[in-house]
Amino acid sequence: MKKFLMAAGAGTLAGVIVTTQVAAPLMAQETERNTNVYEQLDLFGDIFERIRAQYVEEVDEGDLIEAAINGMLTSLDPHSSYLPPEDAEDMQVQTRGEFGGLGIEVTQEEGFVKVVSPIDGTPAYNAGVEAGDYITHVDGESVLGLSLDEAVDMMRGPVGSEIVITVVREGEAEPFDLSIVRDTIKVTAVRARTEQKAVVLRVSSFSDQTYQNLEDGLAEEIEKAGGLDNINGIVIDLRNNPGGLLNQAIKVSDAFLEKGEIVSTRGREAQDGERFNATPGDLAEGKPIVVLINGGSASASEIVAGALQDHGRAVVVGTKSFGKGSVQTVMPLRGDGAMRLTTSRYYTPSGRSIQALGVSPDILVAQPRRAPETEEEEENGAPPLLRSEADLRGSLDNDSLTEDEIQHIEETRERAEESAKLREEDYQLAYAVDILKGLTTLNGAK
């Protein structure tokens, strides 16, 4: 017994020695790390004082501090930044769907401002700004080397004032200028219409209004059609939608899912993760859905597309999305400012992160660039329509058809002409509508 106690005591002593040997270096590392941090803060203070005292021009201390804070945040990733009081207020207004500016969502890439997407119906959209464009100059002044917030500030100005941006676009040999008149941007989050028995829900942003606009617009179009039985399905058009509020993306996804995960977020610590699930109820009652995406579809748009794709609830058509798979939290700060900080990544129901990869469409369909009209076409108008047997003078009538059959043929021809017109105006949307027609035909044949 005495030997056992001695052995136990020796074991305890050995444990203390080992613990001390391990803990001491860790404590030393932590102390060294803290010392380095304080030394760096002292260095910052030295530089701040030196600038205040010796810079060639007098500087505003508040501006220096803001620039330092913003520099720290923007060094993390393109989406983290400091929001001064006026910018924090602007962001709150934007999520409500009305704000002043050009109407573009931008990010920063290789020092230049890159357009994520123009917002439908805004001055930038009407001027011809496209997703993927690079803005290199504003009113002749280069934005290279500026922070994203500084570049955005250059593009802000009074409503009604003119701005000239220089754009570099893939496929164009030379940069070119676009003149835009600033305006108050009123964003209608969702526009609904019916194209050839397909309800098209054009979702341009995810603001406070999005889900309610979508629900109301869909119900109105179904009522106009005389009920769900009279529509082929739904097209959710998310092209050039830069995203917005996470909760609205979840609501829109949930609107068409009966159950299962919509999206999950994972932060730095395991306990910071969240998972959002669908609740029973499908606004489309099982009707087929096609989701349209392109390189301007980002963030919240990718959540919706990824959720519906992973659950097999929709066919995703178009081109690869932008690939913004991170979540930013806006944190209020003293002095009415705010900090936008990337706090987590989001994952689709299958567990895939689309950060920097984007959502890949099930069917790749590029939107062809509209070729400029030739001088001959401009002078002579549209090319002549091809003639058929019925156009020939003295051609025989088809006396084997009843009036109802003739009317059916005429209606079919009109629908074909509508399809051709839509294909000319918006090839990707026409493709989506055709998919819904095909799915409806197959389902009816079962």
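None of the values given here were measured: they were computed from a predicted structure.

Novice: Please provide a residue-by-residue account of a negative patch on the surface, values included.
Specialist: Together, Glu86, Glu89, Asp90 and Asp336 make up a region of like negative charge exposed at the surface. Inspection of the secondary structure assignment puts Asp90 in helix α3 (residues 85–94).

Novice: Tell me about the pattern of salt bridges, residues and numbers included.
Specialist: Tallied over the entire structure, the rule returns 18 salt bridges. Arg169 serves as the salt-bridge partner of Asp133, at 2.8 Å between the closest nitrogen and oxygen. Taken together, the residues span a long stretch of sequence, with Asp133 in the loop between α4 (123–127) and β5 (134–138) and Arg169 in the loop between β7 (162–168) and β8 (176–181) at a distance of 36 residues. A single burial state applies to Asp133 and to Arg169, both of which are buried. A salt bridge links Asp434 to Arg423; the nearest nitrogen and oxygen atoms lie 2.7 Å apart. Here the residue Asp434 occupies a position in helix α11 (residues 427–445), and Arg423 occupies one in helix α10 (residues 403–425), the gap between them amounting to 11 residues. Residue classification places Asp434 among the partly exposed positions, given a relative accessible area of 30%.

Novice: Give a description of the packing of aromatic side chains that names residues and reports values.
Specialist: Counted by the stated rule, this structure contains 2 aromatic pairs. Between Phe44 and Phe48, the aromatic rings sit 6.4 Å apart at their centres with planes inclined by 20°, giving stacked as the arrangement. Taken together, the residues span about one helical turn, with Phe44 and Phe48 both in helix α1 (residues 2–54) at a distance of 4 residues. Accessibility expressed as a relative area gives 41% for Phe44, which makes it partly exposed.

Novice: I'd like a description of the pairing of strand β17 (residues 326–332), backed by residues and values.
Specialist: Both β17 and strand β18 (residues 338–347) contribute to a ladder of 7 bridges, which runs antiparallel. Paired with Thr329 across the two strands is Leu341, which belongs to β18. Where β17 hands over to β18, the hairpin turn is made up of 5 residues, of which Gly335 adopts a positive phi near 80°.

Novice: Would you mind going over the nonpolar core in detail, with residue names and values included?
Specialist: Judged by nonpolar contacts, the single largest core of 39 residues is most densely connected at Ile234, Ile236, Leu238, Phe256 and Val291. When contributions to this core are tallied by element, the ones reaching two or more residues are β11 (198–203), α6 (210–225), β12 (233–237), α7 (246–254), β13 (261–267), β15 (289–293), α8 (300–310) and β16 (314–318). It is α8 that provides the largest number of residues to this core, a total of 6 residues. Apart from the residues lying within four places of it in its own chain, the contact partners of Val291 are Ile236, Leu238, Ala305, Leu308, Ala314, Val315, Val316 and Val317. If you look at the next biggest cluster of nonpolar residues, it comprises 18 residues, including Ala124, Val129, Val138 and Ile163.

Novice: Could you give me a rundown of the environment of Gly157, with the residues and numbers involved?
Specialist: Considering the arrangement of structural elements, one finds Gly157 in the loop between α5 (148–155) and β7. With relative accessibility at 38%, the residue Gly157 sits in the partly exposed group. Gly157 sits 25 residues away from Arg182 along the chain, and the two C-alpha atoms are 7.1 Å apart.

Novice: Go over the packing of α7 against α8 with me, naming the residues and quoting the values.
Specialist: Viewed as axis vectors pointing N to C, α7 and α8 meet at an angle of 25°, and their least axial separation amounts to 9 Å. In terms of orientation, α7 and α8 fall into the roughly parallel class. As for how α7 packs across α8, the hand of that crossing is right-handed. Here Leu246, Ala249, Val252 and Ser253 of α7 come into contact with α8, specifically with Ala300, Ile303, Val304, Ala307 and Leu308. Tallied by class, residues from the contact of α7 with α8 come to 8 nonpolar, 1 polar and no charged.

Novice: Before we move on, could you go through the packing of α6 against α7 and cite the residues and values that matter?
Specialist: Running from amino to carboxyl end, α6 crosses α7 at an angle of 25°, the nearest separation of the two axes being 9 Å. With respect to their mutual orientation, α6 and α7 come out roughly parallel. Facing Thr210, Tyr211 and Leu214 of α6, the residues of α7 in contact are Gln248, Lys251 and Val252. Looking at the contact of α6 with α7, its residues break down into 3 nonpolar, 2 polar and 1 charged.

Novice: Just give me the short version of the sheet that holds strand β10 (residues 190–195), but keep the residues and values in it.
Specialist: With respect to topology, 6 strands assemble into an open sheet ordered β10-β11-β12-β15-β16-β19, the strand pairing being mixed. The outermost strands of the open sheet, each flanked by one partner alone, are β10 and β19 (363–364). Note that β15 and β16 share 5 bridges and pair parallel. Paired with Ile289 across the bridge in β16 is Ala314. Against the sheet, α6 engages β10, β11 and β12, with an angle of about 20° to β10. α8 rests against β12, β15 and β16 of the sheet, and its axis sits at about 130° to β16.

What counts and what doesn't
Residues numbered from 1 in each chain as written. Predicted model: local features only at pLDDT ≥ 70, side-chain atom pairs only at ≥ 80, totals over all residues. Heavy atoms only, no water. Patch = residues over 30% accessible without salt bridge, like charges linked within 9 Å, V, L, I, M, F, W, Y side chains within 5 Å. Areas by Shrake-Rupley, 256 points an atom, 1.4 Å probe, with all protein chains shown as cover. Salt bridge = Lys/Arg side-chain N within 4 Å of Asp/Glu carboxyl O. Lys, Arg positive; Asp, Glu negative; His and termini not counted. Charge placed at Lys NZ, Arg CZ, Asp CG, Glu CD. Helix = DSSP H or I, 4+ residues; strand = E, 2+ residues; numbered from the N terminus. Buried < 20%, exposed > 50% of the residue type's maximum accessible area, 1.4 Å probe, protein only. Phe/Tyr/Trp six-rings, centres within 6.5 Å; stacked < 30°, edge-to-face > 60°. Pairing = 2+ DSSP bridges. Core = buried A, V, L, I, M, F, W, Y, C linked by side-chain atoms within 4.5 Å. Contact = heavy atoms within 4.5 Å. Axes fitted to C-alpha atoms, helices over the stretch in contact; angles between N-to-C directions. Parallel < 35°, antiparallel > 145°, perpendicular 65-115°, else oblique. Left-handed = near helix turned anticlockwise from the far one by under 90°. Nonpolar A, V, L, I, M, F, W, Y, C, P; charged D, E, K, R; others polar.

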